[in-house]
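Residues per chain are reported as follows:
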Amino acid sequence: MDNKFVMAGVMGWPVTHSRSPVIHNHWIRQYGLNGTYGLFPVEPQNIDDAIRGLKALGLAGCNITIPHKVEAMKRMDWVDPLAQRMGAINTIVVQADGALHGYNNDGFGFIQSLRDDKPDWRADAGPITVLGAGGAARAIVLSLIDEGASEIRLINRTRVKADALAQEFGQVVTAYDWSERHDALAGCALLINTTNQGMHGQPDLDLQLDQLPTSALVADAIYIPLETALLAQARQRGNTGVNGLGMLLNQARPAFKAWFGVMPEITPELRQAIIATF
Ligand code: NAP
């Protein structure tokens, strides 16, 4: 067996809050691999040197988090077409010849998290409402389109950002005003919160669910807390809720596979290890 020591990590600024080391080091132990995953606090002015250093230091690659996701993409030798459309990367894989390949697994993580909770989930089951138009929304909306979504209602506090995404992504996506968010839920099969509202330290999302069918799935990208006020409200009226932990865990899987050679599984022990850090 090849017992090469494999190193990876996450570059961000700040980065100390990242749960990625807990996830990847858990899998390294679980699969008996020889390697480690570390934290790389990289200030924005040093991103160029840091990315160039990956090959020189012999790293298998790294995750890229805020604020480097867009800048890092510009420094890749090759970018996966999906990441290209997302306009940002969250994973770098150093190739055998030293070339840097960039990927974005956030959308995969989100879709997979829905399937983990509801294996028969389909993107074309009915209209989808997405709240927010930031980086997470971009990745999620593109993945929903690729999965065959037929209608996406995109609603953001700053309307022009929703308009810009709708224009870029084509006629499947229609932008609505923030004031229309309650009524936009009528007839929806899926509601997704990608705003920061409801996150620890932020106010709860101001949204009335009266119009949302109780058969609709409600997903929140937030994972701290695990049950946001939105998910609690949804559960109380009979909707199935999906929190953001599954997205976080699932986006890590293809990166781990690329660096360490094993497609890892999400076990109850891993979930517990992450929850213990909250
Ligand atoms: P972002 O690019 O900064 O976008 C933030 C979004 O929140 C924007 O649409 C913004 O609207 C909206 N927002 C901010 N304050 C608001 C308010 N007071 N009322 C209504 N909307 C408001 O951030 P992001 O990277 O997309 O992340 C968004 C959320 O997703 C965060 O909670 C993050 O933790 C979560 N996330 C989770 C995962 C995961 O793996 N589970 C991955 C990525 C992100 P404006 O355009 O009007 O400012």
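What you are looking at is a predicted structure, and each value in this text was computed from that prediction instead of being measured. (Residues numbered from 1 in each chain as written. Predicted model: local features only at pLDDT ≥ 70, side-chain atom pairs only at ≥ 80, totals over all residues. Heavy atoms only, no water.)

## Here's the deal with the domain arrangement of the protein chain
Here's step 1: Splitting the protein chain by domain gives domain 1 (6-104 + 251-275) and domain 2 (107-243).
Here's step 2: Between the C-alpha centres of domain 1 and domain 2 the distance comes to 26 Å.
Here's step 3: With eleven residues of domain 1 at the interface, the matching set in domain 2 holds 13 residues.
Here's step 4: For the domain 1 and domain 2 pair, buried surface summed over both sides reaches about 960 Å², with 58% attributable to carbon and sulfur atoms.
Here's step 5: Connecting domain 1 to domain 2 are one salt bridge.
Here's step 6: Notably, a salt bridge pairs D146 with R85, separated by 3.0 Å at the nearest N-O pair.
Here's step 7: Counting the contacts that link domain 1 with domain 2 gives three residue pairs in polar contact (both at pLDDT 80 or more).
Here's step 8: Elements with a minimum of two residues in the side of domain 1 that touches domain 2: α4 (81-86) and α9 (245-260).
Here's step 9: Residue composition of the side of domain 1 that touches domain 2, by class: six nonpolar, two polar and three charged. (Domains from an automatic or database assignment. Contact = heavy atoms within 4.5 Å. Buried area = accessible area lost by both parts, 1.4 Å probe. Salt bridge = Lys/Arg side-chain N within 4 Å of Asp/Glu carboxyl O. Polar contact = N/O pair within 3.5 Å; in protein donor to acceptor, adjacent residues only side chain to side chain. Helix = DSSP H or I, 4+ residues; strand = E, 2+ residues; numbered from the N terminus. Nonpolar A, V, L, I, M, F, W, Y, C, P; charged D, E, K, R; others polar.)

## Quick notes on unusual backbone geometry
Here's step 1: For the bond from W13 to P14, the omega torsion is -5°, close enough to zero to count as cis.
Here's step 2: Topologically, P14 is positioned in the loop between β1 (6-12) and α1 (20-30).
Here's step 3: In the segment running from I224 into P225, the intervening peptide bond is cis, with an omega of 5°.
Here's step 4: Within the secondary structure layout, P225 lies in the loop between β11 (217-220) and α8 (229-236).

## Examining the pattern of salt bridges
Here's step 1: Summed over the entire model, instances satisfying the criterion amount to 17 salt bridges.
Here's step 2: The shortest N-O distance in the salt bridge between E151 and R153 comes to 2.8 Å.
Here's step 3: Residues R253 and E265 are paired through a salt bridge, measuring 3.9 Å at the closest nitrogen-oxygen approach. A residue pair is termed long-range when its members are at least 10 positions apart, and R253 in helix α9 and E265 in the loop between α9 and α10 (268-275) qualify at twelve residues.

## As for the environment of L231
Here's step 1: Structurally, the position occupied by L231 is in helix α8.
Here's step 2: Once the C-alpha coordinates of L231 and D124 are considered, the two residues, 107 residues apart in sequence, prove to be 22 Å apart.
Here's step 3: If we skip the residues at most four places from it in the chain, L231 touches V218, D220, L226, G241, V242 and N243.

## Focus: the sheet that holds β1
Here's step 1: The sheet built from six strands is open, its strands ordered β2-β1-β3-β5-β6-β4 with mixed pairing. The two strands at the open ends of the sheet, each matched to only one other strand, are β2 (35-41) and β4 (78-79). (Pairing = 2+ DSSP bridges.)

## A closer look at the site of the ligand
Here's step 1: As a structural note, the neighbourhood of the ligand is formed by 21 residues, with A136, N156, T158, K161 and A221 the closest of them.
Here's step 2: Between the ligand and A136, the relevant distance is 2.8 Å, taken from an oxygen atom to a main-chain nitrogen or oxygen of the residue.
Here's step 3: Interatomic distance of 2.8 Å between a side-chain N/O atom of K161 and an oxygen atom of the ligand.
Here's step 4: Coverage of the ligand by the protein amounts to 76% of the 920 Å² it exposes when considered alone. (Near = heavy atom within 4 Å. Areas by Shrake-Rupley, 256 points an atom, 1.4 Å probe, with all protein chains shown as cover.)

## Things to note about the nonpolar core
Here's step 1: One finds F110, V130, L144 and I192 to be the most contacted residues of the largest nonpolar core, which totals 31 residues.
Here's step 2: Taken together, the elements giving at least two residues each to this core come down to α5 (106-117), β7 (128-131), α6 (135-146), β8 (152-155), α7 (159-169), β9 (173-176), β10 (190-193) and β11.
Here's step 3: Looking at this core, the element that brings in the most residues is α6, giving six residues.
Here's step 4: Ranked by size, the runner-up nonpolar core spans 20 residues in total, among them L248, A255, W259 and L270. (Core = buried A, V, L, I, M, F, W, Y, C linked by side-chain atoms within 4.5 Å. Buried < 20%, exposed > 50% of the residue type's maximum accessible area, 1.4 Å probe, protein only.)

## As for the environment of A219
Here's step 1: Along the chain, A219 falls in strand β11.
Here's step 2: Placed 22 residues apart in sequence, A219 and G241 show a C-alpha to C-alpha distance of 5.7 Å.
Here's step 3: If near-sequence neighbours (up to four positions away) are discounted, A219 is found in contact with F110, L114, L191, I192, N193 and V242.

## Looking at the side chain of N193
Here's step 1: Its location among the elements puts N193 in strand β10.
Here's step 2: Classification of N193 as buried rests on a relative accessible area of 0%.
Here's step 3: At a separation of 2.8 Å, a polar atom in the side chain of N193 contacts the side chain of T195.
Here's step 4: Within polar-contact distance, the side chain of N193 engages the side chain of D220 at 3.1 Å.

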